[in-house]
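# Inside the fold
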Amino acid sequence: MENQHAPGSLAYCVEQLQQQSVIAYPTEAVFGLGCDPDSESAVMALLALKQRPVEKGLILIAADYAQLEPYVADRELSIIQRERMFSHWPGPVTFVVPVPPHTPRWLTGRFDSLAIRVSDHPDVQALCRAFDKPLVSTSANLSGEPPCRSVTEVLAQFGTDFPVLHGETGGRLNPSEIRDVITGEQIRQG
């Protein structure tokens, strides 16, 4: 009988997330590094691994908008702004949205906003549904190295014991487009 909690499996990766570990997983274009957004220690471990300053803020990735709502000042969004966001989801477009005061600074950095995305990648969908919340999402690469596009590249950069969800990226060449939900302005081309 196959071990459901074998390294590389969905169950194993969810278990790692529940233990406040950082994992890697396939997204639309590259592998992402992710962790529990509500765990300051997990986010700090991810930032240390990436050598990324907390001030820059992070992206949350989810299976649906309901998973992101606790982190978003949804009542500040107009119907048009919500429609702008939902017309691109699920998909490879990230939106910068206003946040309520309780959204942790380890997620928002120096901003009063947060970047969020509802992914259409089946592995991201499965991971967020099994974990029952969104994940922090940043490209899986060490500082100065190119983003990983395969399990083999993740293990080469982060070590053979690093928890990685085995799967394939969605085949996109560029990371997700980023837009400001309030103005509709493009911040990063996808």
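See the structure shown above.
These numbers come from a predicted model, not from an experiment.

## Some words on the sheet that holds strand 5 (residues 113-118)
- The mixed open sheet is built from 8 strands, whose spatial order is 1-2-6-3-5-4-7-8. What marks the edges here is a single partner per strand, and that holds for strand 1 (23-26) and strand 8 (186-188). Across the sheet, the mean angle from the axis of one strand to that of its neighbour is 40°, orientation sign disregarded.
- Relative to strand 6 (residues 135-139), strand 3 (residues 59-62) is paired through 3 bridges, and the arrangement is antiparallel. By the bridge assignment, I59 is partnered in strand 6 with S137.
- Each of strand 1, strand 3, strand 5 and strand 6 is contacted by helix 6 (residues 122-131), which is oriented at about 135° to strand 1, the strand it contacts most.

## A short note on the packing of helix 1 (residues 10-18) against helix 6
- Between helix 1 and helix 6, whose axes approach to 10 Å, the crossing angle comes to 50°. Comparing their axes, helix 6 and helix 1 come out oblique. Seen from above, helix 1 lies across helix 6 with right-handed handedness. In contact with L10, C13, V14, L17 and Q18 of helix 1, helix 6 contributes A126, L127, A130 and F131.
- Among the residues forming the contact of helix 1 with helix 6, the class breakdown is 8 nonpolar, 1 polar and no charged.

The rules behind each value
Residues numbered from 1 in each chain as written. Predicted model: local features only at pLDDT ≥ 70, side-chain atom pairs only at ≥ 80, totals over all residues. Heavy atoms only, no water. Pairing = 2+ DSSP bridges. Helix = DSSP H or I, 4+ residues; strand = E, 2+ residues; numbered from the N terminus. Axes fitted to C-alpha atoms, helices over the stretch in contact; angles between N-to-C directions. Contact = heavy atoms within 4.5 Å. Parallel < 35°, antiparallel > 145°, perpendicular 65-115°, else oblique. Left-handed = near helix turned anticlockwise from the far one by under 90°. Nonpolar A, V, L, I, M, F, W, Y, C, P; charged D, E, K, R; others polar.

Read these as layout, nothing more, since geometry by itself doesn't imply function.
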